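Structural characterization, general
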Amino acid sequence: MSVEANINQYRRRFLGQAGVATAAVATVPLTSLLASGSAQAKALDEPASSDNRWGMLVDASKCADGCKACVDACNDEHGLEDLGRPETDAQWIRKVTIKDKATGHIDTLPLMCQHCETAPCVDVCPTGASMRRADGIVLVDRHTCIGCRYCMMACPYKARSFVHEVLENQVTHQPRGKGCVESCTLCVHKLDAGDGSTACSEACAAEGHHAIIIGDLKDPNSDISRQLRASPTRQLRADLGLNTGVRYKGL
Amino acid sequence: MATQTHYRSLMGPSPGFYKLMAGLIAVIMLGMGAAYYMEHNGHWVTGMTNQIVWGMPHVFAIFLIVAASGALNVASISSVFGRKMYDPLARLSALLAIALLIGGLMVLLLDLGRPDRLIIAMTYYNFKSIFAWNIILYSGFVGIVAVYIWTMMEHKMHVFKKAAGTAAFIWRLMLTTGTGSIFGFLVARQGYDAAIMAPMFIIMSFSFGLAIYILTLMASFNWTDRPLGDAVLLRLKSLLGVFVAAVLYFVIVQHVTNLYATEHHAVERFILVDGGIYTFLFWAGTILVGGLLPLAVVYHPTLGKSRQWIGIACAMVIAGGMATIYVIVIGGQAFPLPIFPDKEIIESSFFDGVVGSYTPSLPEILLGIGGVAVSAAVVAVAAKVLPFLPESLSDEVVDASVS
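Let me begin by describing the structure that accompanies this report.

So, how was this worked out
- Residues numbered from 1 in each chain as written.
- Chains lettered and ligands numbered in written order.
- Predicted model: local features only at pLDDT ≥ 70, side-chain atom pairs only at ≥ 80, totals over all residues.
- Heavy atoms only, no water.
- Axes fitted to C-alpha atoms, helices over the stretch in contact; angles between N-to-C directions.
- Helix = DSSP H or I, 4+ residues; strand = E, 2+ residues; numbered from the N terminus.
- Left-handed = near helix turned anticlockwise from the far one by under 90°.
- Contact = heavy atoms within 4.5 Å.
- Nonpolar A, V, L, I, M, F, W, Y, C, P; charged D, E, K, R; others polar.
- Pairing = 2+ DSSP bridges.
- Parallel < 35°, antiparallel > 145°, perpendicular 65-115°, else oblique.
- Buried < 20%, exposed > 50% of the residue type's maximum accessible area, 1.4 Å probe, protein only.
- Core = buried A, V, L, I, M, F, W, Y, C linked by side-chain atoms within 4.5 Å.
- Phe/Tyr/Trp six-rings, centres within 6.5 Å; stacked < 30°, edge-to-face > 60°.
- Patch = residues over 30% accessible without salt bridge, like charges linked within 9 Å, V, L, I, M, F, W, Y side chains within 5 Å.
- Areas by Shrake-Rupley, 256 points an atom, 1.4 Å probe, with all protein chains shown as cover.
- Salt bridge = Lys/Arg side-chain N within 4 Å of Asp/Glu carboxyl O.
- Buried area = accessible area lost by both parts, 1.4 Å probe.

Turning next to the packing of helix α9 (residues 230–260) of chain B against helix α11 (residues 277–298) of chain B. Residue and element names in this part refer to chain B. It is the contact of α9 with α11, at a shortest axis distance of 9 Å, that shows an interaxial angle of 145 degrees. Note on packing geometry: the crossing formed by α9 with α11 is left-handed. Contacts from Lys237, Gly241, Val244, Ala245, Leu248, Val251 and His255 in α9 reach Phe282, Thr286, Ile287, Gly290, Gly291, Leu292, Leu295 and Val298 in α11. Broken down by class, the residue content of the contact of α9 with α11 amounts to nine nonpolar, five polar and one charged.

Here you go:
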């Protein structure tokens with residue numbers, strides 16, 4: 001056997017073994033992921049459905065002055081660090097205290113991405129990285145965001161943050177990256193896993209306030225749909241006609 | 001019988017040219033270094049924040065891109081509107097248009113959070129986004145103007161000159177409409193959200209582009225010892241006067257129409273009365289330095305005939321133009337978003353309801369100036385190797401070519 005034939009034989013054997021190994025490595029995590037999914041969870045390859053529209057109801061009358069449990073929970077859940085630079089630190093949810101100009105009535109409330117049906121951030125994004133899932137959740141695709149910040153110019157709620165620095169110690173379910181824009185994901189990883197809640201709503205409930213309710217706006221029997229039917233609520237900047245997924249009560 | 005215009009590249013060894021290039025390359029390297037510093041550390045080292053998301057790089061980039069389309073006007077007057085006198089000026093006009101656009105785009109690209117993802121910007125399009133349209137408009141502009149230059153330089157292509165010039169003219173109007181619409185369509189911010197932004201950007205481009213063109217023409221002819229007569233220069237400076245006046249008109253219309261609606265009184269008060277640096281830049285920059293003073297100079301019976309003063313008027317138009325773009329881009333962001341129009345925000349951790357603060361950082365300014373240097377270097381190198389500049393624009397030559 002010539003030297004060349006020997007090399008070809010080794011090459012074939014090596015490629016064959018490498019192919020088997022690659023297939024094995026690729027299959028293991030997939031099967032383990034499928035096995036660990038909960039009964040209500042959406043499979044990873046299952047697309048979001050327009051049969052649902054995830055939304056949030058904030059009851060400002062129940063939101064406690066001085067409490068920022070929702071903010072802390074969001075920061076913990078998504079690994080948002082306070083770097084002591086408030087002008088550039090990412091804030092996905094914030095507490096705002098407002099006073100009625102005419103009556104002097106004071107309200108305090110959490111403010112975050114309003115998950116608009118016709119989201120200005122989605123319209124202006126040049127690459128389509130800013131996108132709205134079929135179930136109404138507005139997200140940023142971190143693989144195609146080029147960091148132009150046009151979405152931040154367009155958002156009427158100042159809901160988005162730009163990652164101004166190198167990030168370390170990220171949480172695995174929420175990959176982030178320097179130079180990309182980000183905002184509230186409505187805890188999409190929890191909703192997809194079947195939790196039916198977000199970190200902020202759980203924290204608010206744990207404090208006993210229950211000011212934040214998450215649910216499916218298209219399910220007439222969901223708690224959020226019943227509450228929205230029962231009491232008057234409002235959208236922020238309703239004049240823009242964006243049909244927000246986040247509604248406020250008691251304002 | 002009109003005589004043929006002779007064009008000549010910058011021939012022979014020229015220490016002046018190499019000194020100019022060395023200077024420009026040094027400035028470009030500083031700009032590249034600044035971009036690397038910002039990308040390596042992240043944007044927290046700049047003056048830009050989550051409140052003021054577009055800063056000094058965008059002021060430079062938008063100014064250069066707006067001026068780019070305006071720089072093409074001289075060529076359009078020649079090819080599209082058939083004014084013979086402008087024929088010898090057309091090649092430099094088209095070259096300057098491409099050069100300014102390249103400089104502006106470079107600044108815009110290097111300020112992205114992820115400039116390494118340029119290929120994504122070129123391959124993923126959201127056609128509802130004005131930014132995406134602009135990517136196509138900008139690349140198309142470079143291509144069409146390059147073809148236009150070819151039709152001007154290649155004798156066999158002359159028959160297509162008018163067609164290419166017309167296509168470039170229409171394309172440049174679309175391009176500036178697109179640039180103005182970046183702001184005009186932002187309904188969320190009260191400083192923008194006005195359809196007048198698109199035509200206002202077009203008229204600003206006429207003015208800024210022509211000012212840069214006149215300065216480039218004077219400098220290149222001076223440095224290469226080519227005669228430049230009064231006939232051309234005085235015609236161009238009078239045209240500049242018309243454009244400057246038109247910009248003032250649009251600025252007045254923009255603010256007066258805004259003042260008609262009560263909901264815009266607060267933002268107008270911010271820009272016109274108590275907005276600090278933005279109010280100062282509006283009145284001192286846009287109105288005085290960029291408007292009234294250059295108008296006074298170009299129409300002054302003696303100053304308007306002085307080359308030095310015409311140059312100063314052009315520089316004032318450019319300085320005023322930068323101030324105008326600064327007030328639009330930064331001032332429009334600094335004014336707080338009306339998230340709760342009927343409420344007063346008394347507490348927020350995210351600077352809601354307060355005027356955003358912004359101080360341009362050195363790297364941002366260096367990147368912007370680097371873009372200007374790129375534009376200048378493109379013009380210098382192109383004029384060195386290709387016949388862009390006429391041998392003479394003396395009054396006798398111009399008279400002979402027009403008659």
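With that settled, consider the sheet that holds strand β2 (residues 93–100) of chain A. Reading across from one edge, β3(A)-β2(A)-β1(B) is the order of the three strands in this open sheet, with antiparallel pairing throughout. Lying at the two open borders of the sheet, with one neighbouring strand each, are β3 (106–112) of chain A together with β1 (343–348) of chain B. Strand-to-strand twist of the sheet, defined as the mean angle between neighbouring strand axes without regard to direction, takes the value 35 degrees. Direction of pairing for β2 of chain A relative to β3 of chain A: antiparallel, over a ladder of seven bridges. Looking across to β3 of chain A, one finds that Ile93 of chain A is bridged to Met112 of chain A. This element, helix α2 (residues 69–78) of chain A, spans β2 and β3 of chain A of the sheet and lies at about 160 degrees to β2 of chain A.

All names here are of chain B. One way to put it is that helix α2 (residues 56–71) packs onto helix α13 (residues 362–385) with a least axis distance of 7 Å and a crossing angle of 20 degrees. Judged by the angle between their axes, α2 and α13 are roughly parallel. α13 is crossed by α2, and the crossing has right-handed handedness. From α2, Met56, Pro57, Phe60 and Leu64 reach across to α13, where they touch Glu364, Ile365, Leu367, Gly368, Ile369, Gly371, Val372 and Ser375. Of the residues that constitute the contact of α2 with α13, the class distribution is eight nonpolar, three polar and one charged.

To continue, consider the pairing of strand β1 (residues 54–59) of chain A. Residue and element names in this part refer to chain A. With respect to burial, β1 is a largely interior element, six of its six residues being buried. Residue alternation in β1 divides its side chains into two sets, Trp54, Met56 and Val58 and Gly55, Leu57 and Asp59, and both sets are buried. In this structure, β1 lies alongside strand β8 (residues 212–216), joined through five bridges in antiparallel fashion. Counted as the bridge partner of Val58 is Ile212 from β8. Where β1 meets strand β10 (residues 246–249), four bridges bridge the pair, whose relative direction is parallel. By the bridge assignment, Leu57 is partnered in β10 with Arg247.

Glancing now at the nonpolar core. If you look at the biggest cluster of nonpolar residues, it comprises 187 residues, and the most contacted ones within it are Tyr150 of chain A together with Phe183, Leu217 and Leu236 of chain B. A per-element tally of this core places helix α8 (residues 197–223) of chain B first, with 16 residues. When sequence neighbours within four positions are dropped, the list of residues in contact with Leu236 of chain B reads Val74, Tyr86, Leu89, Leu210, Tyr213, Ile214 and Leu217 of chain B. Among the nonpolar cores identified, the runner-up in size contains six residues, and Ala69, Ala73, Cys187 and Ala203 of chain A belong to it.

Residue and element names in this part refer to chain B. The full count for this structure, using the stated rule, is 17 aromatic pairs over all chains. Measuring from ring centre to ring centre gives 5.8 Å for Trp54 and Phe131, while their planes differ by 5 degrees; the resulting arrangement is stacked. Separated by 77 residues along the polypeptide, Trp54 in the loop between α1 (15–41) and α2 and Phe131 in helix α6 (residues 130–153) bring together distant segments of the chain. Like Trp54, the residue Phe131 is buried in the burial classification. Residues Phe206 and Phe243 carry aromatic rings whose centres are separated by 5.0 Å and whose planes lie at 55 degrees to one another, so their mutual orientation is tilted. Highlighted residues: Phe206 in helix α8 and Phe243 in helix α9, separated in sequence by 37 residues.

Moving on to a nonpolar patch on the surface. Among the surface-exposed residues, Phe127, Trp133, Ile136 and Phe185 of chain B lie close enough to one another that they form a single nonpolar patch of about 430 Å² accessible area. Relative to the helices and strands, Phe127 of chain B is located in the loop between α5 (118–123) and α6.

Looking now at the interface of chain B and chain A. Taken together, the contact pairs 55 residues of chain B with 56 residues of chain A. Buried area between chain B and chain A, summed over both chains or domains, comes out near 5000 Å², and the portion from carbon and sulfur atoms is 57%. For the chain B face of the interface with chain A, the top three residues by lost area are Asn50, Lys343 and Phe350 of chain B, together amounting to 14%. Summed over the shared surface of chain B and chain A, the result is four salt bridges. Among the elements that take part in the side of chain B that touches chain A, β1 of chain B stands out by supplying six residues, more than any other. Bridge analysis of β2 of chain A against β1 of chain B gives five bridges, and the strand direction is antiparallel.

Counted by the stated rule, this structure contains 20 salt bridges over all chains. The residue Asp116 of chain B makes a salt bridge to Arg114 of chain B at a minimum N-O spacing of 2.8 Å. Bridged by salt links that share partners, the residues Lys42, Arg133, Asp135 and Asp192 of chain A form one connected network.

Turning next to unusual backbone geometry. At Lys158 of chain A, a residue that is not glycine, the phi angle is positive and equals roughly 50 degrees. For Asp225 of chain B, which is not a glycine, the phi torsion comes out positive at approximately 55 degrees. Judged by its relative accessible area of 70%, Asp225 of chain B falls in the exposed class.

Purely geometric numbers; function is a separate question.
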